[in-house]
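# Analysis of the macromolecular model
Given next are the chains, with one letter for each unit.
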2 protein chains.
Amino acid sequence: MTRALASWRDGDARRAVLDFVRSVAAEVPVEERVAVFDNDGTLWCEKPIPIQLDFILRRLTRMAETDPALRDRQPWQAAYEQDHAWLAAVLAEHYAGNDRNVRLLAAGILAAYDGITVEDFEEQSERFLRKTRHPTLDREYLRCAYAPMIELLDHLAGNGFTSYIVSGGGRDFVRPISQEVYGIPRERVIGSTVAIEYRPDERGGTIVRRAEADYLDDGPEKPVRIWSRTGRRPLLAAGNSNGDIAMLGFAQHPDRPSLRLLLKHDDAEREFDYVAGAELALTEAGRQGWTIVSMRDDWATVF
Amino acid sequence: MTRALASWRDGDARRAVLDFVRSVAAEVPVEERVAVFDNDGTLWCEKPIPIQLDFILRRLTRMAETDPALRDRQPWQAAYEQDHAWLAAVLAEHYAGNDRNVRLLAAGILAAYDGITVEDFEEQSERFLRKTRHPTLDREYLRCAYAPMIELLDHLAGNGFTSYIVSGGGRDFVRPISQEVYGIPRERVIGSTVAIEYRPDERGGTIVRRAEADYLDDGPEKPVRIWSRTGRRPLLAAGNSNGDIAMLGFAQHPDRPSLRLLLKHDDAEREFDYVAGAELALTEAGRQGWTIVSMRDDWATVF
């Protein structure tokens, strides 16, 4: 047998994980062993922009190529002109609590796949994920998942845990590759979605995407979605940003072991070094005793 | 080994089920073997009123006992005075497409458990289901599930299927007993829900119910919820009413076996004999070749 969590360096984080899994295996019935993982920045890389945002920007660019009228409207303009400064500013505003331009971006995102079936959307997502390389890391997007986290998912599965992805990003974007990349089947992917609608016909009908938000699986919505989908309170939650605070807080029981992992991106050499969007989460981790996982110090290998 | 589907009489319905399961087991990968079941009137009895409506009416009655001002407001008045005629009229109006009084009833239902945690709600549901008897069938509510359907669920599980309950009724009402009664774990219960909200605190926070509808898992919403939860198109769908038409229509594939079961309540002696609310479904079954299961003719045992 290979050493569990082989890509993790010996240290407090690795020890906390192994101790926690051992306690759960000894004390908790299998059906209650639920773990939840944020995706962007927790299971795979989210810089310089989230992978799904790259997918959407390429689509907006194609729309602007076809329809010149879109070229002076945001967010098509930024996509078409590859104006990363505008996008960076929108995200910075968002972290500062100003969502005016985020709404503009969201409207573009919603319009980008209006009216296509969920199957077609998945096919496009999958094709993009299989053929596109990360802009700076010299690897395909599908190889941008963190090896230590995949080992953790394997270790949990080997100890009777059921793990879910609880992404702030799109549920249907991740589903086509969740089994292959993470060993998590599609029905255990929880994430954001646009409104979808069933249109019956004589051949089984279709489900199509509408240009209307349904919900954003972020912040306090994460515990709500976890409850809705699993009917359980998780024992383990792993995240990396302010949007994961509620989910990490929710993974706490009066009479069960629990583990909250906050991944800290402090590895400019092998990945990225940033705290924007994670400031409050880092404060909460200190205050509530969550386990901080330092990418630089706790991981021997990143990818 | 006991005979599969022992409570089913030999006949077209039983044969269709066995043939279908055999084909799927031979042709379809395990992870695609998804089956979906309506609950009220399909897996357990829904007459003279749905079990959950009984649960809610008792709660409304207790509210009116405590607060006399509620006694001349609907639906509290009907609950308090045990005015089944008013309730029957509301349901009849609903089947006829007039939902004015249904909205009044829904508002009462929403108010009935406003602000309680999901855990408390489940505890009350479970206690009610464990201690209450059916008003006419001389058996506890928990023994009002149909034996032939439980056998079908077992037979499917034994052949690698993953079955989900897709109830028009409340998701969190059924979850506490789904494993025990149907062998279906709580995370595989899909159903209607009120809006719920996460309230953080230092001990893991709570999720509370709000007096606001989220969605009603009925009609075309059923395929939407099935897709959201499973990311798959089912091979088998079973229902009994107009609200199940979309779900049955959705269980159809160009290159996979599929089976759509419509349970017909035609057994006044052992259960109930009614078509109200199922008229369109019966027409669709004839038109699209769905398999009709006659409770009277196809089942040797009902409970």
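Structural data are supplied above this passage.
Read on for a plain summary of the structure. Given the structure is predicted, the values throughout are model-derived calculations rather than measurements.

The rules behind these values
- Residues numbered from 1 in each chain as written.
- Chains lettered and ligands numbered in written order.
- Predicted model: local features only at pLDDT ≥ 70, side-chain atom pairs only at ≥ 80, totals over all residues.
- Heavy atoms only, no water.
- Helix = DSSP H or I, 4+ residues; strand = E, 2+ residues; numbered from the N terminus.
- Rg over C-alpha atoms; globule rule 2.2 N^0.38 Å.
- Buried < 20%, exposed > 50% of the residue type's maximum accessible area, 1.4 Å probe, protein only.
- Contact = heavy atoms within 4.5 Å.
- Lys, Arg positive; Asp, Glu negative; His and termini not counted.
- Charge placed at Lys NZ, Arg CZ, Asp CG, Glu CD.
- Least-squares fit on C-alpha atoms with pLDDT ≥ 70 in both.
- Pairing = 2+ DSSP bridges.
- Axes fitted to C-alpha atoms, helices over the stretch in contact; angles between N-to-C directions.
- Buried area = accessible area lost by both parts, 1.4 Å probe.
- Salt bridge = Lys/Arg side-chain N within 4 Å of Asp/Glu carboxyl O.
- Polar contact = N/O pair within 3.5 Å; in protein donor to acceptor, adjacent residues only side chain to side chain.
- Parallel < 35°, antiparallel > 145°, perpendicular 65-115°, else oblique.
- Left-handed = near helix turned anticlockwise from the far one by under 90°.
- Nonpolar A, V, L, I, M, F, W, Y, C, P; charged D, E, K, R; others polar.
- 1 Å grid on protein atoms, 1.4 Å probe; cavity = no way out; pocket = protein on both sides within 12 Å on 5 of 7 lines; lining within 4 Å.
- Points joined across faces, edges and corners; volume = space filled by probe spheres on them.
- Domains from an automatic or database assignment.

### What to know about the overall build of chain A
Secondary structure assignment for chain A yields 12 helices and seven strands. For chain A, whose C-alpha radius of gyration is 20 Å, the value lies close to the compact-globule estimate of 19 Å for 303 residues. Its C-alpha atoms give chain A principal-axis dimensions of roughly 60 × 50 × 35 Å. Taking all 303 residues of chain A together, 56% fall into the buried category. Within chain A, contacts between residues at least 6 apart in sequence are counted, and of these 66% link residues at least 24 apart. Seen as two clouds, the 39 positive and the 49 negative side-chain charges of chain A have centres 2 Å apart.

### Here we look at the relation of the copies chain A and chain B
When chain A is fitted to chain B, the best match, at an RMSD of 0.0 Å, comes from turning it 180 degrees and sliding it 0.0 Å along the axis. In symmetry terms, the pair is related by a two-fold rotation axis. Residue arginine 229 of chain A of chain A places its C-alpha closer to the rotation axis than any other residue of that unit, at 3.5 Å. In this assembly the copies share their binding face: 100% of the residues contributing to the interface of chain A also contribute to that of chain B.

### Side note on the sheet that holds strand E2 (residues 162–170) of chain A
Think of a sheet as strands paired side by side through backbone hydrogen bonds, with each pair either parallel or antiparallel. Residue and element names in this part refer to chain A. Pairing is mixed in the open sheet, where seven strands are placed in the order E4-E3-E2-E1-E5-E6-E7. Unpaired on one side and paired on the other, strand E4 (206–215) and strand E7 (291–294) mark the two borders of the sheet. Pairwise comparison of adjacent strand axes, ignoring direction, gives a mean angle of 35 degrees for this sheet. Where strand E6 (residues 259–264) lies against E7, four bridges are found, and the strand directions are parallel. Looking across to E7, one finds that leucine 261 is bridged to threonine 291. Here helix H9 (residues 221–230) sits on the sheet in contact with strand E1 (34–37), E2, strand E3 (189–199) and E4, set at roughly 135 degrees to E2.

### Notes on the interface of chain A and chain B
Listed as interface residues are 33 residues of chain A and, on the opposing side, 33 residues of chain B. Taken over both partners, the interface formed by chain A and chain B buries close to 3,000 Å², and the fraction arising from carbon and sulfur atoms is 47%. Three residues stand out in chain A for area buried against chain B, namely Tyr198, Glu202 and Trp227 of chain A, and they jointly supply 22% of the buried area on that side. The interface formed by chain A and chain B holds four salt bridges in total. Where glutamate 202 of chain A meets arginine 287 of chain B, a salt bridge forms, and the shortest distance between an N and an O atom there is 3.2 Å. In this structure, the connection of chain A to chain B is made through 23 residue pairs in polar contact (both at pLDDT 80 or more). Those elements giving two or more residues to the side of chain A that touches chain B turn out to be helix H6 (118–131), helix H8 (171–182), E3, E4, H9 and helix H10 (245–250) of chain A.

### Quick look at the environment of leucine 235 of chain A
Residue and element names in this part refer to chain A. Assignment of secondary structure puts leucine 235 in the loop between H9 and strand E5 (236–239). Leucine 235 sits in the buried class, given a relative accessible area of 0%. C-alpha of leucine 235 to C-alpha of phenylalanine 20: the two residues are 215 residues apart in sequence and 9.4 Å apart in space.

### Points about the packing of H6 of chain A against H8 of chain A
All names here are of chain A. Close contact between H6 and H8 brings their axes to 8 Å; oriented N to C, the two are set at 60 degrees. Classed by the angle they form, the pair H6 and H8 counts as oblique. Where H6 crosses over H8, the handedness of that crossing is right-handed. On the side of H6, the interface is formed by Val118, Phe121, Glu122, Ser125, Glu126, Phe128, Leu129 and Arg130, while H8 contributes Asp172, Phe173, Arg175, Pro176, Ile177 and Glu180. When its residues are assigned to classes, the contact of H6 with H8 shows seven nonpolar, one polar and six charged.

### Examining the layout of surface pockets
Residues and elements named next belong to chain B. For the second largest pocket, the calculated volume is near 1,400 Å³. Around the second largest pocket sit 46 residues that line it, and His94, Gly168, Gly169, Ser192 and Leu216 are the ones nearest its centre. Every element with two or more residues in the lining of the second largest pocket is listed here: helix H2 (51–66), helix H4 (84–95), helix H5 (100–112), strand E2 (162–170), helix H8 (171–182), strand E3 (189–199) and strand E4 (206–215). Of the residues in the lining of the second largest pocket, the class split is 20 nonpolar, 13 polar and 13 charged. Structurally, the lining of the second largest pocket is a two-domain feature, drawing no fewer than three residues from each of domain 1 (12–44 + 140–298) and domain 2 (51–112).

### What to know about the side chain of arginine 229 of chain B
Inspection of the secondary structure assignment puts arginine 229 of chain B in helix H9 (residues 221–230). In this structure arginine 229 of chain B is buried but unpaired, with aspartate 217 of chain B as the nearest side chain of opposite charge at 7.5 Å. Of note is the side chain of arginine 229 of chain B, whose polar atom sits 3.5 Å from the backbone oxygen of arginine 229 of chain A. Beyond its immediate chain neighbours, meaning those up to four positions away, arginine 229 of chain B contacts Arg175, Glu187, Ser228 and Arg229 of chain A together with Arg171, Arg175, Glu187, Arg188, Val189 and Ile190 of chain B.

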